[in-house]
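Each chain is listed here by its residues.
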Amino acid sequence: QKEVEQDPGPLSVPEGAIVSLNCTYSNSAFQYFMWYRQYSRKGPELLMYTYSSGNKEDGRFTAQVDKSSKYISLFIRDSQPSDSATYLCAMINQAGTALIFGKGTTLSVSS
Amino acid sequence: DTGVSQDPRHKITKRGQNVTFRCDPISEHNRLYWYRQTLGQGPEFLTYFQNEAQLEKSRLLSDRFSAERPKGSFSTLEIQRTEQGDSAMYLCASSLDRVSPGNTIYFGEGSWLTVV
């Protein structure tokens, strides 16, 4: 079992839909959780960063962490065609040195 | 803050040739990371530096790969005797220090390598 599991999709939704992206992890030592967005042939761009269980909101984006279930989510409200990209979850433990990434979920939002 | 910059952005090379990639991290960032990303996969950790010291290397970093960070500023990643399996995007990232609330990892645009 990989340390971080993420459904690669692809996920296709119409403009305005609510999108839910998820990752599960196996290492209970992970403390910090991040979501990166990656456009085709570009580097990952940090979207959201959380370090505790619960919700964190930033505009149309909400990151949710449930440490008891080892499950994290990213919700995108009112999705836009410009949200079409690959979304990568990433995590690290407190003493860790590098992020561990999921495979990424490819999202396509059609107008 | 000009972000993490990588050069070249694209490189096509023949199998067996050596290639070198350069990364300039965000200024004042002590930590510098190298990742590799293949199609349909998330980035995979290769190695990282704290200032000029290389502190960790992944088992993915075979002996054909060598990374340096002289003087703790820019870094180079060299691949010797390239193989077709080395074709990937090589990502550089940096952080101010160990990841913690407020200290996150920022990535460059990547260097694409195609070995033919």
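On a predicted model such as this, the values are computed, not experimentally measured, just so you know.

Visitor: Describe in detail the sheet that holds strand E6 (residues 54-58) of chain A, supporting the description with residues and values.
Guide: All names here are of chain A. In spatial order, the strands read E1-E3-E8-E7-E6; together these five strands make up an open sheet with antiparallel pairing. Among the strands making up the open sheet, the edge pair consists of strand E1 (4-6) and E6. Looking at each pair of strands side by side, their axes are set apart by 20° on average, direction ignored. Across six bridges, strand E3 (residues 19-25) lies against strand E8 (residues 71-76) in antiparallel orientation. Its bridge partner lying in E8, Thr24 is registered against Tyr71.

Visitor: Can you break down the nonpolar core residue by residue, with the values?
Guide: Trp35(A), Ile72(A), Leu74(A), Tyr87(A) and Met91(A) are the most contacted members of the largest nonpolar core, which has 24 residues in total. For this core, the secondary structure elements donating two or more residues are E3, strand E4 (30-38), strand E5 (45-50), strand E7 (61-66), E8, strand E9 (85-93) and strand E11 (105-110) of chain A. Among all residues touching Leu74(A), those that are not within four sequence positions of it are Val19(A), Ser20(A), Leu21(A), Trp35(A), Leu47(A), Met48(A), Phe61(A), Thr62(A), Ala63(A) and Tyr87(A). Membership of the second largest hydrophobic core comes to 21 residues, among which are Tyr36(A), Ala98(A), Phe101(A) and Trp112(B).

Visitor: Residues and numbers for the interface of chain B and chain A, please.
Guide: Between chain B and chain A, the residue contacts involve 28 residues of the former and 23 residues of the latter. At the boundary of chain B with chain A, total buried surface from both sides reaches about 1,900 Å², with 57% on carbon and sulfur atoms. Taken together, the links from chain B to chain A amount to zero salt bridges. Connecting chain B to chain A are five residue pairs in polar contact (both at pLDDT 80 or more).

Visitor: Go over the state of the cysteines, please, and point to the residues and values.
Guide: Covalent bonding between the sulfur atoms of two cysteines defines a disulfide. Residues and elements named next belong to chain B. Counted under the stated rule, the structure contains two disulfides over all chains. Put simply, Cys23 and Cys92 are joined by a disulfide, and their sulfur atoms are 1.9 Å apart. Sign of the S-S torsion, about -70° for the bond between Cys23 and Cys92, identifies this disulfide as left-handed. Pair noted here: Cys23 is in strand E3 (residues 19-24) and Cys92 is in strand E9 (residues 88-95), with a separation of 69 residues, a long-range link. The residues Cys23 and Cys92 share a single accessibility class, namely buried.

Visitor: Describe the sheet that holds E3(B), naming the residues involved and giving the relevant values.
Guide: All names here are of chain B. What the four strands build is an open sheet, ordered E1-E3-E8-E7; its pairing is antiparallel. With partners counted over all chains shown, the strands left at the sheet margins are strand E1 (5-7) and strand E7 (65-68), one partner each. When strand polarity is set aside, the average angle formed by the axes of neighbouring strands in this sheet is 15°. Across three bridges, E1 lies against E3 in antiparallel orientation. Within E3, the position partnered with Ser5 by the bridge is Asp24.

Visitor: Pulling in residues and values, what's your account of the side chain of Gln37(B)?
Guide: Position of Gln37(B) relative to the elements: it lies in strand E4 (residues 31-37). Residue class for Gln37(B) comes out buried when judged on its relative accessible area of 8%. A polar side-chain atom of Gln37(B) sits 2.9 Å from the main-chain carbonyl oxygen of Gln41(B). Residues within four places of Gln37(B) in sequence aside, it is in contact with Gln38(A), Gly42(B), Pro43(B), Ala88(B), Met89(B) and Leu91(B).

Visitor: Give me the packing of aromatic side chains: which residues, what numbers.
Guide: The full count for this structure, using the stated rule, is 13 aromatic pairs over all chains. Between Phe21(B) and Tyr90(B), the ring centres sit 5.6 Å apart and the planes meet at 20°, which makes this aromatic pair stacked. Of this pair, Phe21(B) sits in strand E3 while Tyr90(B) sits in strand E9, and the two are 69 residues apart along the sequence. Pair check on accessibility: Phe21(B) and Tyr90(B) agree, each one buried. These aromatic residues form a ring-pair network of at least three members: Tyr36(A), Phe101(A), Tyr35(B), Phe45(B) and Phe107(B). Its guanidinium or amino end placed over the ring of Trp112(B), Arg41(A) lies 4.2 Å from that ring's centre, counting from NZ or CZ. Just above the ring of Phe74(B) sits the side chain of Arg22(B); from NZ or CZ to the centre is 3.9 Å.

Rules behind the numbers
Residues numbered from 1 in each chain as written. Chains lettered and ligands numbered in written order. Predicted model: local features only at pLDDT ≥ 70, side-chain atom pairs only at ≥ 80, totals over all residues. Heavy atoms only, no water. Pairing = 2+ DSSP bridges. Helix = DSSP H or I, 4+ residues; strand = E, 2+ residues; numbered from the N terminus. Axes fitted to C-alpha atoms, helices over the stretch in contact; angles between N-to-C directions. Core = buried A, V, L, I, M, F, W, Y, C linked by side-chain atoms within 4.5 Å. Buried < 20%, exposed > 50% of the residue type's maximum accessible area, 1.4 Å probe, protein only. Contact = heavy atoms within 4.5 Å. Buried area = accessible area lost by both parts, 1.4 Å probe. Salt bridge = Lys/Arg side-chain N within 4 Å of Asp/Glu carboxyl O. Polar contact = N/O pair within 3.5 Å; in protein donor to acceptor, adjacent residues only side chain to side chain. Disulfide = S-S within 2.5 Å. Phe/Tyr/Trp six-rings, centres within 6.5 Å; stacked < 30°, edge-to-face > 60°. Lys NZ or Arg CZ within 6 Å of the ring centre and 35° of its normal.

These figures capture arrangement, not role.
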